[in-house]
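Descriptive analysis of the structure
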Amino acid sequence: MKQFEANFDGLVGPTHNYAGLSYGNVASLNNASASSSPKQAAKQGLKKMKALTDLGMVQGVLAPQERPDIASLRRLGFSGTDANVLSLAAKQAPAIFQACCSASSMWTANAATVSPSADTSDAKIHFTPANLTNKYHRSLEPEVTGKILKATFANSQYFVHHKHLPDNEHFGDEGAANHTRLCSEYGKAGLELFVYGRHAFDTSKPAPKKFPARQTLEASQAVARLHGLNDDNVVYVQQNPDLIDQGVFHNDVIAVGNRNVLFFHEQAFYQSEQALANIKQKFGNDELHFICVKTSEVSVQDAITSYLFNTQIISLANGDMAIIAPTDCKENQAVANYLDNLVQQNTPIKHVYYHDVKQSMRNGGGPACLRLRVAMTEKERAAVNQHTLINDAQFARLNNWVDTHYRETLHVNDLSDPQLLIESRTALDELTQILHLGSVYPFQQI
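Described below are features of the structure shown in this document.

**Quick word on the pairing of strand β7 (residues 191-196)**
- Taken across its 6 residues, β7 has 6 buried, putting it largely inside the fold.
- Neither face of β7 is exposed, since Leu191, Leu193 and Val195 on one face and Glu192, Phe194 and Tyr196 on the opposite face are all buried.
- With 4 bridges connecting them, strand β6 (residues 179-182) and β7 associate as antiparallel partners. In the sheet register, Leu182 faces β7, and the bridge partner there is Leu191.
- In this sheet, strand β8 (residues 234-238) lies alongside β7 in parallel orientation, the contact comprising 5 bridges. Counterpart to Tyr196 in the pairing with β8 is Gln238.

Next comes the structure, spelled out in structure tokens:
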């Protein structure tokens, strides 16, 4: 039976904006309050999805969250009509208001952690939505994310959905952005690599001093238990605390894996030699490629600004691997030189394809942030909600939907416009019909 890895990308929402909400994310902070283009952002994302489909990949789409989040603003005491809620919140608590308008759900690498059926004790694909407790604007996402995932992967014969971990910093969970799966073949039992930033219950352990460590060891261990993973097929590795303090807020900013390749910066992990030895020992006798980028080749800052490691590594039909990189990598001379040289080396990575996702990059997320990976079989793919899979017809339909509903430009000051809320809800209501999701949004359940 054919086995493969599908990508489910987050569709950029109608209120895509730059509010600089993510402390510790350099790009997010640097572009705070700049004008955004929701239409361009959505089209850039859709174009990347179509390109991967054309390369032979199974490509799906995950719906965005409802924003502005009126339900959360009402929970915080703002009342009256929806227009009154928007106006009062924007005037009285602008920071909270902007958080409730965040478009961050586009980065579905943070949507959940996924374990394929080859790894789990019940031979089903398991999903645990990330609780994202470290940032208020992201902590608003898990409930709706869970509903979208359940509507996308609805067949209980093949898919298991867990509730997100407790909403507490001790179990801070950022999803697949801190999780990588290594394997010889997608359909064979793999090694699930959980990367954490700190120990929640032992403050004597190393931790960053400037920026927060968003993922805890305890959260990673809890997800592994929920998914029924065998301890022999799990590795827990601590991210280098010094790199978190330099702006490496997730592991996928400094490392990425695919099948038997782990591509990482030499400063990525704490006690790196020991961590890599543990990975190699647990991976077993199959060939494993460590591609370690030296600081002398690419500095940490160049890696962050270009998102060299926030790229996707995919397996092509001919067996080669390819890197899906943002055009920012091509525009950084050190990074471009490195990638030009990499494809000439004796590794499985033979191609680099560049894509313009600058609207996402400016808000702090590259190509890998935009996708959630799901290794599956043909039977499991057939059990997926087929309306969420990208093909020529659905690509055209979603582009037309964006053209109809999205604004060309948006500034943070526009977020309190009641008309924007109406536009957004109208768009999302139609989207749930296009994708056959049912009523996943609070406004649809009133």
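Having seen the model, we can carry on.
**Observations regarding empty space enclosed by the protein**
- If you walk through the whole model with that rule in mind, you get 9 cavities of 30 Å³ or more.
- Its volume calculated, the second largest cavity comes out at about 150 Å³.
- Together, Glu5, Val114, Pro116, Ala176, His179, Thr180, Arg181, Arg371, Leu372, Arg373, Val374 and Ala375 line the second largest cavity.
- Of all the secondary-structure elements, those providing two or more residues to the lining of the second largest cavity are β6 and β15 (371-377).
- Counting residues per element, the lining of the second largest cavity draws most heavily on β15, which supplies 5 residues.
- The class makeup of the residues in the lining of the second largest cavity is 6 nonpolar, 2 polar and 4 charged.

**A word on the nonpolar core**
- Counting residues in hydrophobic clusters, the biggest one holds 93 residues, and the most contacted among them are Phe8, Phe153, Phe263, Phe269, Ile279 and Met376.
- With near-sequence residues (within four places) excluded, Met376 lies in contact with Lys2, Gln3, Phe4, Ala6, Phe8, Ile125, Phe153, Arg381 and Val384.

**What to know about the sheet that holds strand β14 (residues 349-355)**
- Taken together, the 3 strands give an open sheet; going across it, the order is β12-β13-β14, and neighbouring strands pair in mixed fashion. Looking at strand neighbours, the two that pair on one side only are β12 (312-315) and β14, the edges of this open sheet. Adjacent strand axes in the sheet meet at a mean angle of 25° when their direction is disregarded.
- When strand β13 (residues 321-326) meets β14, the two strands line up parallel, connected through 6 bridges. Each residue of the ladder has a partner; that of Pro326, found in β14, is His355.

**Side note on the pattern of salt bridges**
- Overall, the coordinates contain 19 salt bridges when judged by the stated rule.
- Across the pair Lys43 and Asp403 runs a salt bridge, and its minimum N-O distance is 3.2 Å. Pair noted here: Lys43 is in helix α2 (residues 38-54) and Asp403 is in helix α16 (residues 392-405), with a separation of 360 residues, a long-range link.
- A salt bridge links Asp328 to Lys358, with the nearest nitrogen and oxygen atoms 3.5 Å apart. Of this pair, Asp328 sits in helix α12 (residues 327-331) while Lys358 sits in helix α14 (residues 358-361), placing them 30 residues apart in sequence. Judged on exposure class, the residue Asp328 and its partner Lys358 are both buried.

What counts, and at which threshold
- Counting restarts for each chain, with residues numbered from 1 along the sequence as it is written.
- Per-residue local features of the predicted model are confined to residues with pLDDT of at least 70, and side-chain atom pairs are confined, for both listing and counting, to 80 or more; whole-chain, interface and lining totals are unaffected and use all residues.
- To obtain the side-chain values, all non-hydrogen atoms of the structure were used and water was disregarded.
- Each residue gets one of three labels from its accessible area relative to the maximum for its type: buried under 20%, exposed over 50%, partly exposed in between, using a 1.4 Å probe on protein chains only.
- The secondary structure listing takes helices from DSSP runs of H or I that are at least 4 residues long and strands from runs of E that are at least 2 residues long, numbered from the N terminus.
- At least two bridges found by DSSP between two strands are what make those strands a pair.
- Buriedness of a pocket was judged along seven lines, with at least five required to meet protein on both sides within 12 Å; pockets are open sets of points on a 1 Å grid over the protein atoms alone, cavities are sets where a 1.4 Å probe fits but cannot get out, and lining residues have an atom within 4 Å of a point.
- Grid points are joined across faces, edges and corners, and a volume is the space filled by probe spheres set on the points.
- Throughout, the ten residues Ala, Val, Leu, Ile, Met, Phe, Trp, Tyr, Cys and Pro are labelled nonpolar, Asp, Glu, Lys and Arg are labelled charged, and all others, Gly among them, are labelled polar.
- For this analysis, a nonpolar core means a set of buried residues of the types Ala, Val, Leu, Ile, Met, Phe, Trp, Tyr and Cys, connected via side-chain atoms within 4.5 Å.
- A contact between two residues is defined here by any heavy atoms of the two lying within 4.5 Å.
- Angles run from 0 to 180 degrees between N-to-C directions of axes, and those axes are lines fitted to C-alpha atoms, restricted for helices to the stretch in contact.
- A pair is scored as a salt bridge if a Lys or Arg side-chain nitrogen falls within 4 Å of a carboxyl oxygen belonging to Asp or Glu.

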